[in-house]
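Listed below, chain by chain, are the residues.
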Amino acid sequence: MKKQTAQSNEVNVPCQIGKSPLQVTDQEAVDTHEVRVRRVLDYQADSLGKEDALEANLGSINSGLMQVALWLDETIEQAMEGGPRTVERLQGLLPAIDTHLRVTRQVDRFAQTELRVAECRKPKANNDTNITH
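Keep in mind the model is a prediction, meaning the values are calculated, not measured. Counting from 1, residues in each chain are numbered in the order their sequence is written. Given that this is a predicted model, residues contribute local features only at a pLDDT of at least 70 and side-chain atom pairs are listed and counted only at 80 or more, while totals for whole chains, interfaces and linings are drawn from all residues. Here the side-chain values reflect all heavy atoms present in the structure, with hydrogen atoms and water set aside.

Undergrad: So what's going on with the overall build of the chain? Which residues, and what values?
TA: Secondary structure counts use DSSP, requiring at least four H or I residues in a row for a helix and at least two E residues in a row for a strand, with both numbered from the N terminus. A count of helical and extended segments in the chain gives three helices and two strands. Going from the N terminus to the C terminus, the chain shows its helices and strands as β-β-α-α-α. Residue burial is assigned from relative accessible area. The probe radius is 1.4 Å, only protein chains are included, and a residue is buried under 20% of its type maximum, exposed over 50%, and partly exposed in between. Each of the 133 residues in the chain was classed as buried or not, and the buried ones make up 17%. Intrachain contacts of the chain at a sequence separation of at least 6 include 52% that bridge at least 24 residues. Methods summary: accessible areas were calculated by the Shrake-Rupley approach with a probe of 1.4 Å, and residue burial reflects only the protein chains presented. Split by element, the accessible area of the chain, about 10300 Å² in all, is 56% carbon and sulfur. Contacts are residue-level and defined by heavy atoms, with any inter-residue pair within 4.5 Å sufficient.

This is the structure:
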């Protein structure tokens, strides 16, 4: 994936509503991207290391979707920074934003499934003490 170089060394990133934006250098943005990608790849490697084939594949597929989500996130951000902020420009980005949202929802669904599978595989506490005769 090619990274576009920004004309300035700083990018405005809003930190919270009502507060001034943080100043983030281009290098910090690249470092953040690399950390995010590395964490997705860590998740993929951990998933593929699982003994259960279903869990391994589910995690691997989910990490692929996470990579797509990261790419969409960065593409949308670059498009937003690339020109004037107008309603017309936003409308042009809506298909990408919608796709990003759908991918993110699917990532969440797979993650919830993965958590449920892990919970089911945990040894259950013995509830014999709650049984009355």
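Undergrad: So, the confidence of the model for the chain: which residues are in play, and what are the values?
TA: On a scale of 0 to 100, pLDDT captures the predictor's confidence in every residue. Per-residue confidence for the chain gives a mean pLDDT of 80; residues scoring 70 or more make up 75%. Overall, residues 1-21 carries pLDDT values under 50, and its contacts beyond four positions in sequence, including any with other chains, amount to 30 contacts.

Undergrad: Describe the packing of helix α2 (residues 53-81) against helix α3 (residues 87-121), with residues and values.
TA: Axis angles are defined between N-to-C directions and span 0 to 180 degrees, where every axis is a line fitted to C-alpha atoms and, for a helix, only to the segment in contact. Their axes nearest at 9 Å, the elements α2 and α3 cross at an angle of 155°. Between α2 and α3, the interaxial angle falls into the category roughly antiparallel. Handedness of the crossing formed by α2 with α3: left-handed. The residue inventory of the contact of α2 with α3, partitioned by class, reads 18 nonpolar, seven polar and five charged. These descriptions rest on fixed angle ranges, namely under 35 degrees for roughly parallel, over 145 for roughly antiparallel, 65 to 115 for roughly perpendicular, and the rest for oblique. In a left-handed crossing the near helix is turned counterclockwise from the far helix by less than a right angle, and in a right-handed crossing that turn is clockwise. Under the scheme applied, nonpolar residues are Ala, Val, Leu, Ile, Met, Phe, Trp, Tyr, Cys and Pro; charged residues are Asp, Glu, Lys and Arg; polar residues are all the others, including Gly.

Undergrad: Give a detailed account of the side chain of N62, specifying residues and quantitative values.
TA: Relative to the helices and strands, N62 is located in helix α2. By relative accessible area, N62 is classed as buried at 0%. Side-chain atoms alone can form a polar contact between residues adjacent in sequence; in general such a contact is a pair of N or O atoms within 3.5 Å, and within protein one must be able to donate a hydrogen while the other accepts it. A distance of 3.3 Å separates a polar side-chain atom of N62 from the backbone oxygen of V107. Ignoring anything within four residues of it in the chain, the contact list for N62 reads Y43, Q106, V107, F110 and A111.

Undergrad: Describe a nonpolar patch on the surface, with residues and values.
TA: Patches here: salt-bridge-free residues with over 30% relative accessible area, like charges joined within 9 Å, nonpolar side chains (Val, Leu, Ile, Met, Phe, Trp, Tyr) joined within 5 Å. For this analysis, a salt bridge means a side-chain nitrogen from Lys or Arg found within 4 Å of a carboxyl oxygen belonging to Asp or Glu. Together, L90, L94 and I97 line one region of the surface with nonpolar side chains, adding up to about 230 Å² of accessible area. Residue placement: L90 occurs in helix α3. The class for L90 is partly exposed, based on a relative accessible area of 43%.

Undergrad: Any details on the environment of E74? Residues and values, ideally.
TA: Checked against the element boundaries, E74 lands in helix α2. Residues E74 and H33, spaced 41 residues apart in sequence, show a C-alpha to C-alpha distance of 8.6 Å.

Undergrad: Would you mind going over the pattern of salt bridges in detail, with residue names and values included?
TA: A full pass over the atoms with the stated rule returns seven salt bridges. A salt bridge links K122 to E119, with the nearest nitrogen and oxygen atoms 3.5 Å apart. Among the residues examined, K122 registers a relative accessible area of 49% and is labelled partly exposed. When salt bridges with common partners are traced through the structure, they connect D52, E55 and R121 into a single cluster.

Undergrad: Any details on α3? Residues and values, ideally.
TA: For a helix, the expected span equals 1.5 Å multiplied by the number of residues minus one. In a regular helix each residue adds 1.5 Å, so 35 residues correspond to 51 Å; α3 covers 49 Å between its end C-alpha atoms and thus fits that length. The reported bend at a residue is simply the angle between two axes, fitted to the 7 residues ending at it and to the 7 residues beginning with it. The sharpest bend along α3 reaches about 45° and sits at L93, with the proline P95 one to four residues further on. Within the sequence span of α3, burial applies to L93, H100, V103, V107 and E114.

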